[in-house]
Amino acid sequence: MNIRVMCMAVVAVWLWLPVQAMKVNNLRCEYLDAGGCVHTTLPPRLSWTLDAANQRGAVQSAYQILAASSPEKLKPGSADLWDSGKVPSAATCQIEFGGRPLDSFETCYWTVRVWDKDGKPGPWGKTSWWTTGILCPDDWNGARWIAFKPTGRWASEWAAHKSRELPHMGTSGPIRSYQELDLWEIFDSVKPSYDAAPLLRKEFEVPSGIKSAKLYICGLGYFEAWINGCRVGNDVLNPAWTAFDNTSLYCTYDVTGMLNKGAVNAIGVMLGRGQLNPLCNDAWGLYKSSWVSQPKLIALLRMVDGDGNVTYTVTDSSWKTAEGPVVFDDTRLGEIYDARREQPGWDSPRFDDTDWTAASIVNWPMSALKAQMLPPIRRQEPYVPVRRIDRPDGVTLFDIGQNIAGWARVRVKGPRGARVLVEYCELPSDTVLVKNLHPARLQMSAAVADRHYASFHDATTEVRQQNAYILKGSGVEEFECRFSYKGFQFVRITADTGVVVLRVDGVPVHTDLRPAGMFECSDTVANRLQRMARITMLNNMMGLPTDCPHREKQGWTADGYFTTEAAIYNFDMAQFYAKWMRDLTATQTVSGGLCTVAPSTGYDADVSITWPAAMLYIPASLYDFYGDRRLLKELYEPMRRFAEHARSHEIKGKPGHMAEVLGDWVSPADSILPSLRGSSILAPPEGVITYAASTYYSILRHLSRIASLTGMERDTAYYNDWAARVKRDFNAAYLNSDEAAYYGDRPTGYRLAPNVVALYEKLVPDSMSDAVKTKFLKELASGGYKMKTGFLGTRAMMKWLPEHDAEAAWRAATQPEYPGWGYMVANGANTMWEDWAACASINHMPYCLISEYFYRHLAGIKIAHNNTGSPEIEISPSTVDGLQWAYGLYNSMYGPVESRWQREGADVVFNITVPPNCTAIVKLPLAVDGTRVTESGTDAARAQGVAYVGNSGTTAIYRIVSGKYRFRIHNAN
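The structure presented is a predicted model; accordingly, all values stated were derived computationally and were not measured.

Participant: Could you clarify how one ought to interpret the overall build of the protein chain in this entry?
Facilitator: Per the secondary structure count, the protein chain includes 19 helices and 47 strands. In terms of overall dimensions, the protein chain is globule-like: its C-alpha atoms have a radius of gyration of 30 Å, near the 30 Å expected for 973 residues. Structurally, the protein chain occupies a C-alpha span of about 85 × 75 × 70 Å along its principal axes. Per-residue burial for the protein chain yields a buried fraction of 61% across its 973 residues. Once local pairs closer than 6 in sequence are excluded, the contacts in the protein chain between residues at least 24 apart make up 75%. Accessible surface computed for the protein chain: about 35,600 Å², of which carbon and sulfur atoms make up 51%. Positive and negative side-chain charges in the protein chain, numbering 100 and 103 respectively, have mean positions lying 2 Å apart.

Written as structure tokens, this is what we have:
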């Protein structure tokens, strides 16, 4: 049989094969995988994806959900918690649990099956389950908050410390006390010493018939727990930072396998200060926040035997406590571990704790306790140094080859009592470590009084990052941080005589987000930028999106929303961002204003509307990508109050002018200045008011849409009318019609940022739209496509420009000169800089927004949900001249969406995947109108699952059903 006949036979057999039944995968509750702890008083929401073996047009016509209290009951007729019956619906996500309200501690097993478009049922999905958290304070069963000492005594000692320190605070830099001291000098100068990180322990009996055991625990600010000498979980820096007096997150662990049944067991917990009780006297006043208090613990261990009998062990005054080996810890100043103070066996049974004292009961709001439903922070694969330099003076230097957030894992050997200081830097002022340093960096470091510090001084962050260790002298010892993290690429170790540094690894730590997508293309610069964006975003995902991992570690709101879509394309962000939006809500003042960082001490309340607009932007993005309408409803009232508060920023007698403190942050100077720092202008020359006015309009437009999505239609017209008035005032104040250009409130020449912001926000009158667009594109081109914009202008640029001039967007994204992303790559960056000149942080989130451009425009993957909650997918790649191919994958709530295009001679081939239950609009760029387009060798308009919609200029538009497709644009003929 020849090959052609064989292939025809295979195709014939395939055509007669029965269609495979539709399967379900990825069963999740509230975005959590099997076993997640769900804390909600509303019905939990369920979701799944479909597997239709790439059949075209696969559609779910109905589903049936079963939920039961045990796996054995999970079958039709026996499901005791819920049987939905056959529900005619194509919905696969955001489906509310329809059973009775669940109580605390319940485990709900569930599964689902679906019917395809022909009414054929598929198999039941793999059993999944969730557990309910502790839903009300009474269900903590008498557990109390406990701490190292009585509150009154702690508060008196804390006040005494601050009375000694605060009069000597500096007035500049992020750290206002001990700014240039090494950690030993800080520790030795604090008399009396601050409390060491406390250890708390409890021994308890475990009945012999225990079948399951769960530990519910919240240790503030951070905790680590052990049972019978074994670490509970593999997470670090737990729990996530919140406004602790508003929300304290507890973590849940299944510890069944860690218990010794019918025997005495022990639980031990070490507490760190975290952001609950920072020692650093910082620029943002965290040391005086409303939640500042001593580290504290609440825990409940719930053990259930085979008959359903429950035994509890809870935190109370029977627990014992003592100071531990972490003798100093602060999120910014660092931490010291004295291995001589270790107490072997303290976390195991039969330890002699005679010298320990009883834990103190302390007051803390039980109502603040909520389950931590976002992924925890975990260690990631360590980096092995690419260079080690052993200096004659005993100092050892390491370059781990990548800028990360985390800490060093250090292995040493030496005599008892020897000291080791570990310092961290992302860009040290050391020409041995970093070649071609800007002379200004060396000049800045020359002003540092401590010459040893000056040689490892990071002139861009102005923080001395460090931790330290005192050896116990028992052979090889290994240590790493527990309660602080750093931003760094370089490590310096200064040790006492006799200490041998055996090994150092760089350990990245960040919120352990599930990957959601990938992008790559034929251009090495773009691929470098994509890698830089992913790493930088992860470096700043620490239970909330931070601006940088070294200097501030703060949840700056605009830094977060600049990169929302980029983060969602790359990672599963649903629970992460929902948590952070609640953090932001907690900053709301009586007037309705919000803070610029979240969590916040309130130092920045009511000062900006441009930054806290994240309150509307991020939930709207979560709806677009995940269809999450519930969060919009939850936050609608805070959003409405924020919009009303924005009125107070209007300047009386000056329509269109808004009081504001933040604008196009780090707008670049025309060239990198000799002083370096002046190369980025914190307040752009055109002023900040125009950006507040444009944001004001955007807030109202978003709120109008959100009102419609949440059933508040009566508010839609109100906000539309309000927005129209703001738009009118904006154009009267800032548009020069004769020049077709927008200017700020301060006189300047033409500036890109205010013009592209006006274009992106649709503030330009229809009559002026073409003229303003033409002027902008001309100015951009005449400037060599350089990114002469700061945060706000760059965001607007990379959202608006690709839709209107794809080639210009590609040039702006990759051109190699200052200012721009290509300049970062050309100068060796491996993470994103805060500004285009690298005169500030070089591990900063906002310019990671370029990754959104790669997915949304180069790969062409666009996803949104319409007002009915149905997904709308569009595939519209930009086949720009500088690329041979591009590939994007996004794992949506419905399954993978893929887009790959490549040039084959004169032709361009597009491989597209649309998940089951979805349709997509495909927009293919033609060289000329009328170019032939095929799909899998057939005229595209006649191909299975393809409907020709029409042409728009040189773009061919099709609607396709789910499945895999291969389109070809035949440019050769």
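Participant: Looking at this structure, how should I read the sheet that holds strand 3 (residues 45–51)?
Facilitator: Strand pairs in the sheet, formed through backbone hydrogen bonds, run parallel or antiparallel to each other. In space, the 3 strands of this open sheet follow the order 1-3-7, with antiparallel pairing throughout. Where the open sheet ends on each side, the last strands, each with one partner, are strand 1 (23–29) and strand 7 (95–96). For strand 1 and strand 3, the ladder comprises 5 bridges, and the chain directions are antiparallel. Bridged to K23 within strand 3 is D51.

Participant: What am I meant to see in the pairing of strand 33 (residues 500–511) here?
Facilitator: Of all 12 residues in strand 33, 9 are buried, a share of seventy percent or more. The sheet contact formed by strand 26 (residues 377–379) and strand 33 spans 3 bridges and is antiparallel. For R378, the partnering residue across the bridge sits in strand 33 and is H510. Where strand 28 (residues 395–413) meets strand 33, 8 bridges bridge the pair, whose relative direction is antiparallel. Note on strand 33: the bridge partner recorded for R409 is D505.

Participant: Looking at this structure, how should I read the sheet that holds strand 11 (residues 198–206)?
Facilitator: Taken together, 6 strands build an open sheet; the order of strands is 14-13-17-11-20-23 and the sheet is antiparallel. Either end of the sheet is taken by a strand with one partner, and the two such strands are strand 14 (230–231) and strand 23 (357–358). Judged from the 4 bridges that link them, strand 11 and strand 20 (residues 320–323) form a sheet pairing that is antiparallel. Within strand 20, the position partnered with P198 by the bridge is E323.

Participant: Just to check I follow, could you spell out the environment of G99 for this structure?
Facilitator: Turning to its location among the elements, G99 is positioned in the loop between strand 7 and strand 8 (107–115). Residue classification places G99 among the partly exposed residues on the basis of a relative accessible area of 22%. Considered as a pair, G99 and V757 are 658 residues apart in the sequence and their alpha carbons are 48 Å apart. Residues within four places of G99 in sequence aside, it is in contact with L81 and W82.

Participant: Which parts of the structure should I look at to understand the pairing of strand 4 (residues 62–68)?
Facilitator: Consecutive residues of a regular strand have side chains that alternate between opposite faces of the sheet. Of all 7 residues in strand 4, 7 are buried; the element is thus mostly enclosed. Alternating positions in strand 4 separate into two faces, A62, Q64, L66 and A68 on one and Y63, I65 and A67 on the other, with burial throughout. Where strand 4 and strand 6 (residues 87–88) come together, 2 bridges link them in antiparallel fashion. Note on strand 6: the bridge partner recorded for A62 is P88. With 7 bridges connecting them, strand 4 and strand 8 associate as antiparallel partners. Bridge pairing in strand 8 places I65 opposite V112.

Participant: I would appreciate a short explanation of the side chain of T934 in the present structure.
Facilitator: Of note, T934 is situated in strand 44 (residues 932–935). Since its relative accessible area comes to 6%, T934 is described here as buried. At 2.8 Å, the side chain of T934 forms a polar contact with the side chain of H970. The contacts of T934, once residues within four sequence positions are left out, are D939, A940, R966, F967, R968 and H970.

Participant: Would you mind showing me how to read the environment of L74 here?
Facilitator: Relative to the helices and strands, L74 resides in the loop between strand 4 and strand 5 (82–83). When its relative accessible area of 13% is taken as the criterion, L74 is described as buried. Among all residues touching L74, those that are not within four sequence positions of it are L66, A67, A68, Y109, W110, T111 and T127.

Participant: Looking at this structure, how should I read helix 6 (residues 524–539)?
Facilitator: The periodicity of an α-helix, 3.6 residues per turn, causes residues three or four places apart in sequence to face the same way. Given a rise of 1.5 Å per residue, 16 residues ought to cover 22 Å, and the 22 Å separating the end C-alpha atoms of helix 6 matches this to within 8%. Listed as buried for helix 6 are A526, L529, Q530, M532, A533, I535, T536, M537, L538 and N539. A distance of 3.1 Å separates the backbone nitrogen of V525 from a side-chain oxygen at the start of helix 6, and that oxygen is part of D523.

The rules we used
Residues numbered from 1 in each chain as written. Predicted model: local features only at pLDDT ≥ 70, side-chain atom pairs only at ≥ 80, totals over all residues. Heavy atoms only, no water. Helix = DSSP H or I, 4+ residues; strand = E, 2+ residues; numbered from the N terminus. Rg over C-alpha atoms; globule rule 2.2 N^0.38 Å. Buried < 20%, exposed > 50% of the residue type's maximum accessible area, 1.4 Å probe, protein only. Contact = heavy atoms within 4.5 Å. Areas by Shrake-Rupley, 256 points an atom, 1.4 Å probe, with all protein chains shown as cover. Lys, Arg positive; Asp, Glu negative; His and termini not counted. Charge placed at Lys NZ, Arg CZ, Asp CG, Glu CD. Pairing = 2+ DSSP bridges. Polar contact = N/O pair within 3.5 Å; in protein donor to acceptor, adjacent residues only side chain to side chain. Expected span 1.5 Å × (residues − 1).

Everything listed is a geometric property; what it means functionally is a separate question.
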